[in-house]
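Residue strings, one per chain:
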Amino acid sequence: MLKNDKSSVHPCWSCKGPVSGGDLFCETCHAVQPPGHIDHFSRFGLQKAYSLDVDGLERSYFELQRHLHPDRFANKTPKEKTLSQQQAVSLNEAFEVLKDPLKRADYLLSVLGMTGISHDHTVNDPVLLMEAMETREALMEAQSVDTVNALSDKARRDVRDCVRAIAQAFDQEQYDEARKLALRLKYLTKLLEETRQHKARLVMK
Amino acid sequence: MIETVLLQIHEPGETPLPHAGDSDLAVGIDLGTTNSVVAVSNDETPEVLRDENGSGLVPSVVAYAPDGSAIVGQLAKQLLLMRPETVISSVKRLMGRGLQDVKSISGTLPFEVIEGEGMVRLKVSGKELTPVEISADILRALKERSEDQLKQKVEKAVITVPAYFDDAARTATKDAAKLAGLQVLRLVNEPTAAALAYGLDKEAEGLYAVYDLGGGTFDISLLRMEKGVFQVKSTGGDASLGGDDFDHAILEYFLTERRAKFGEEKLTTDDVKIALVTGRMAKECLTENDSGDFVLEFNGQSSKHTITREKFDELAAPLVDRTIDICRNVLEDGDTFPDEVKGIVLVGGSTRVPLVRKRVGDFFGQPPLSDINPDEVVAVGAALQAEALTVGSDNLLLDVTPLSLGIETMGGIVEKVIPRNTPIPVAKAQEFTTYQDGQSAMAIHVLQGEREMVDQNRSLARFILKGIPPMTAGAARIRVTFSVDADGLLTVGAEEVTTGVSQEVAVKPSYGLSDEEMAHMLRDSMVHAKEDMEVRLLTEARVEAKRVMEAVYSALHIDGKLLNEDERAHINVVLNKLDETIASDDRHTINAMVEELDRETQVFAQRRMDKGIEEALTGVNVAKLESAIES
C-alpha cells in the first residue's frame with residue numbers, strides 16, 4: 001500500500017511526468033512526492049468511518065514509515081529529504097489522531113463538516129455531570145488498590161461500550177448523538193487516567 | 001552510443017552515489033561525559049574501534065598544550081593529575097548551557113568559568129574555549145582513531161546524545177561535529193541506540209525499558225521492539241544527573257571530614273579536579289569492595305579517609321531515588337505498569353554501582369539484564385544506524401520529543417505547542433495576531449520544559465518576525481510553524497496567512513552559538529574550511545545531477561515512444577554531456593548542464609503529462625496503478 005488517494009494528475013517535481021494525487025512515489029522515476037492536503041483517513045487508504053482496526057492501522061503506519069521516514073533518505077538530495085520529512089510529519093499526525101478513539105471521533109466530526117468537541121469545555125448533559133461527580137467522589141475515597149481496580153475496570157468497560165456506541169452513531173449518521181457520546185468518552189478517558197494515577201499513588205506508597 | 005546510455009538504468013536507491021569513494025563510510029560515535037567510543041558496522045556486524053591495548057574507551061578528557069594543540073584521551077587523563085590547569089573533563093555537562101545552569105549543576109566545580117551571557121566559556125591553559133570547541137577536539141580524536149584503523153577518510157557519523165538533551169545541547173553537539181569536520185547523518189538518542197544494538201543482537205521483542213546512567217546524564221526510555229521496529233513510547237531523564245554526582249557526593253563527604261580536622265580550607269579549581277579523581281576512584285573501588293582508604297592532599301596537608309559500601313549507598317541513595325522517580329513518571333507517561341516491562345537494559349558505566357542495580361531491580365520487580373557491555377552498547381547501536389543510513393536497512397527507529405515545546409504568552413505563562421513524547425518528526429502550527437495598527441514585527445520566545453511559568457523552563461531562543469504587512473491591529477494572522485526533525489532539532493517558519501507573505505525569522509539562540517560565531521570558529525579550526533565547503537557543494541551538485549539523469553532515464557524507459565528518433569537522440573546527447581560533466585570538478589558546469597537537460601526535456605515532459613491526463617480520463621491509468629501497487 002504505497003498510495004492513498006486517487007485524484008487529479010499533476011507533474012512529478014523530479015521527472016516532470018504525470019503523478020496521480022495521493023501517490024507517495026512517482027511511478028516513473030520513484031521520487032518521493034509531497035504529502036498533499038488529504039484527510040487523515042485517506043492517508044492510510046481508509047474510508048471516512050469511525051470503526052477501524054487499530055492493529056491494522058499500526059501495521060500500515062509502520063509500513064508507510066519504513067518507506068517515508070527521513071532515515072531512508074540520508075543519501076538523497078536536500079529536496080527529497082525535505083519531502084520525506086513532510087511525509088513523515090503528516091503520517092505521524094494522522095496516526096496520532098486516528099489511533100485515539102477520542103481524537104478520531106472529534107476529527108471525523110470536523111471532516112464531515114460538523115462541530116468537533118475539542119473546543120467544548122462545558123458539559124451540559126446533566127446525567128453525565130451527575131455520573132462524573134459520583135464516580136470522582138468514589139475514586140477520591142478509594143483507599144485500596146482493589147477498590148481502584150474495580151473503578152478502573154468499570155471505566156474501561158464504559159470506554160469500550162462508549163466507543164462501540166459512537167461507531168454505531170456514525171454508521172447511522174446520527175451525528176448529534178455521536179457528538180454527545182464523544183463528550184462522554186472525553187470524560188471517561190479522563191476518569192481512566194485519574195484512576196491510573198490514583199492506583200500508581202497507592203501502589204508506590 | 002545511444003544504447004549504452006539506456007543500459008545504465010538503475011533501480012533508485014541501488015545506484016551508488018556519483019564518484020562515491022571510501023569517504024562514504026560512516027561511523028557511530030558515543031560522545032560520553034566520561035568516555036567516548038567509536039564503532040563501525042559492516043553487514044550488520046558492528047565493531048568497536050580499539051587502541052593497541054584493546055580498549056574501546058577514549059576518556060572524554062582534553063589537555064591543551066602550550067602551543068594550543070589538544071591532547072585527548074588516556075594521556076590527557078594522566079595530565080589531569082600533573083597539570084590540572086591545562087585539562088578539561090566532563091565537558092558534556094556544559095553543552096548548550098549558560099553560566100547560571102553551570103553554577104547550579106553542583107557545588108564544587110572543576111571548571112574555571114568566565115562570566116558572560118549566552119553559552120558558557122571556560123578558561124584552560126590561558127585560552128577561552130566553549131564546550132562546543134572542546135567537544136570538537138574529542139570528536140577530532142575519534143575521527144583520527146577511525147581513519148587510522150580503517151585506513152580511509154571518515155567524514156560522516158551518527159552521534160548519540162542523551163534522550164533528555166534539549167534543543168540547545170543537541171545543536172551544540174551538531175556544531176561540535178561540524179567543527180571537527182564530521183557530517184552528522186543523524187543524532188540518535190542513547191537509549192534508542194542501545195535498544196537497537198540490544199534488540200538486534202538478542203532478537204528481543206516486546207516492551208523494554210532502557211535505564212541509562214552515564215557520567216553526567218540520566219535517561220530512561222520505554223521502547224516497543226517488534227520485527228525491526230524500535231518505537232519509543234515515552235522517555236524521561238535528567239540532563240544533569242550522573243556518575244559525576246556520585247564522585248561529588250563522596251568528595252563532599254571527604255571534605256567534611258577534612259574540615260573537622262584542619263578547619264575551613266580554600267580549594268582552587270585545580271585542587272577540585274584532582275580531588276574528584278579520588279572521589280571517582282573511591283566509587284569504582286566500592287563496586288567490588290566493601291570499603292576503601294583514600295588520601296587527599298592539598299595545601300601541603302594530607303588526610304586519610306575511609307569509606308564503606310554502606311556509607312556510599314547512603315550518599316548515593318538520594319541520587320538513585322531521583323532516577324527511580326523519573327522511571328515512575330516515564331512508565332506513567334507510557335501507560336505502563338512495572339510488571340508489564342519485559343526486560344530492563346542497563347546502559348552507562350554508572351549502572352555498575354551495586355545500589356543502582358538493586359533499586360532498579362526492586363522497582364521493576366525483576367533483575368535488570370546485564371549481558372551487554374554498558375560502556376559500548378550505545379556506540380554499537382550508533383554504528384548500526386550509521387550503516388542503515390548509508391547502506392540501507394529494514395530497521396526503523398521511531399523516536400519522540402523528550403520535552404514539551406512551548407511559547408511565552410501573556411503573564412509569563414508557557415503555552416505548550418508540542419507536548420513531550422510526541423513522535424518525531426513533527427510540525428505544529430500556531431496562529432498569532434498583531435495588537436497595534438501597522439505593527440510590522442513581533443517577538444516570540446520559545447521554551448522547552450514541563451512547567452507552567454516561563455522562568456521555570458529552559459529558554460531555547462527568541463525569534464523576531466519581521467516584514468508583517470501593514471494592517472489594523474488584530475487583522476494580521478501570522479501562522480508560525482514549529483518543526484522538530486528526526487534529530488530532535490527545532491526549526492521555525494512563519495507566514496502571514498491572509499497575504500501569504502512568508503516572514504523572516506531572526507533567531508537568537510539563548511545558549512547557542514550565533515551563525516557568525518560558528519563561521520568564525522570554522523575559519524579558525526579549519527585551514528581548509530573554504531575548500532571543504534567547495535567539496536561539499538560539488539558533491540551536492542553531483543548528487544542532484546545524478547538524480548535528474550535517473551529521472552530522465554526512467555521517463556525515457558517508460559515513455560520513450562513519445563519522442564521521435566531525432567528528439568530522442570538530442571536528449572541523449574545532453575545526457576551524455578551531463579554524464580561527462582559529472583566527472584569534472586566544476587560544479588558550475590554541472591549545474592549549468594542540469595539546467596540545459598531540463599530545458600531540452602520540457603517538450604517531452606509536456607507530452608508525458610498530456611498522455612497521463614488522457615489515460616486518467618479513460619480510466620486506463622487506475623487499473624495500471626493498481627497492478628503496479630500489487631506487484
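In this text, all values refer to a predicted model and were calculated from it rather than measured experimentally.

Quick word on the overall build of chain A
Helix and strand content of chain A: seven helices and two strands. For 205 residues, the compact-globule estimate of 2.2 N^0.38 gives 17 Å, and chain A exceeds it by more than 25% at 21 Å. Along the first, second and third principal axes, the C-alpha set of chain A runs to 65 × 40 × 25 Å. Residue burial in chain A is summarised as follows: out of 205 residues, 39% are buried. Sequence separation of at least 24 residues holds for 53% of the intrachain contacts in chain A that already meet a minimum separation of 6.

Side note on the domain arrangement of chain A
Looking at the assigned domains, one finds that chain A contains domain 1 (9-99) and domain 2 (126-204). With centres defined by C-alpha atoms, the gap from domain 1 of chain A to domain 2 of chain A works out at 35 Å.

Things to note about the nonpolar core
In this structure, Ala39, Ala157 and Ala382 of chain B are the most contacted members of the largest nonpolar core, which totals 180 residues. By residue number, the principal contributor to this core is helix H11 (residues 377-390) of chain B, which donates ten residues. Among all residues touching alanine 39 of chain B, those that are not within four sequence positions of it are Val27, Gly28, Pro46, Glu47, Val48, Leu49, Ala379, Val380, Ala382 and Ala383 of chain B. Membership of the second largest hydrophobic core comes to 23 residues, among which are Tyr50, Leu102, Ala105 and Ala182 of chain A.

As for the interface of chain B and chain A
Each partner contributes to the interface: chain B provides 41 residues, whereas chain A provides 33 residues. Mapped onto the side of chain B that touches chain A, the elements with two or more residues apiece are strand E12 (183-189), helix H9 (309-333), H11, strand E19 (396-398), strand E22 (426-432), helix H13 (529-559), helix H16 (602-618) and helix H17 (620-630) of chain B. Sorting elements by how many residues they give to the side of chain B that touches chain A places H13 of chain B first, with ten residues.

Some details on the sheet that holds strand E8 (residues 113-114) of chain B
Residues and elements named next belong to chain B. Pairing is antiparallel in the open sheet, where three strands are placed in the order E8-E9-E10. Edge positions in the sheet fall to E8 and strand E10 (127-129), since each has one partner strand and no second. Bridge count between strand E9 (residues 121-124) and E10: three bridges; the pairing is antiparallel. Paired with leucine 122 across the two strands is leucine 129, which belongs to E10.

Structural notes on the sheet that holds strand E7 (residues 87-89) of chain B
All names here are of chain B. One open sheet accounts for three strands, arranged E6-E5-E7; its pairing is antiparallel. Of all the strands in the sheet, just strand E6 (70-72) and E7 have a single pairing partner and so form its edges. Each neighbouring strand pair of the sheet contributes to a mean axis angle of 20°, computed without reference to strand direction. Across three bridges, strand E5 (residues 61-64) lies against E7 in antiparallel orientation. Paired with alanine 63 across the bridge in E7 is valine 87. With respect to the sheet, helix H4 (residues 131-150) is in contact with E5, E6 and E7, its orientation differing from that of E6 by roughly 60°.

Rules of the game
- Residues numbered from 1 in each chain as written.
- Chains lettered and ligands numbered in written order.
- Predicted model: local features only at pLDDT ≥ 70, side-chain atom pairs only at ≥ 80, totals over all residues.
- Helix = DSSP H or I, 4+ residues; strand = E, 2+ residues; numbered from the N terminus.
- Rg over C-alpha atoms; globule rule 2.2 N^0.38 Å.
- Buried ≥ 20, exposed ≤ 12 C-beta atoms within 10 Å, placed from the backbone.
- Contact = placed C-beta atoms within 7 Å.
- Domains from an automatic or database assignment.
- Core = buried A, V, L, I, M, F, W, Y, C linked by C-beta atoms within 7 Å.
- Pairing = 2+ DSSP bridges.
- Axes fitted to C-alpha atoms, helices over the stretch in contact; angles between N-to-C directions.

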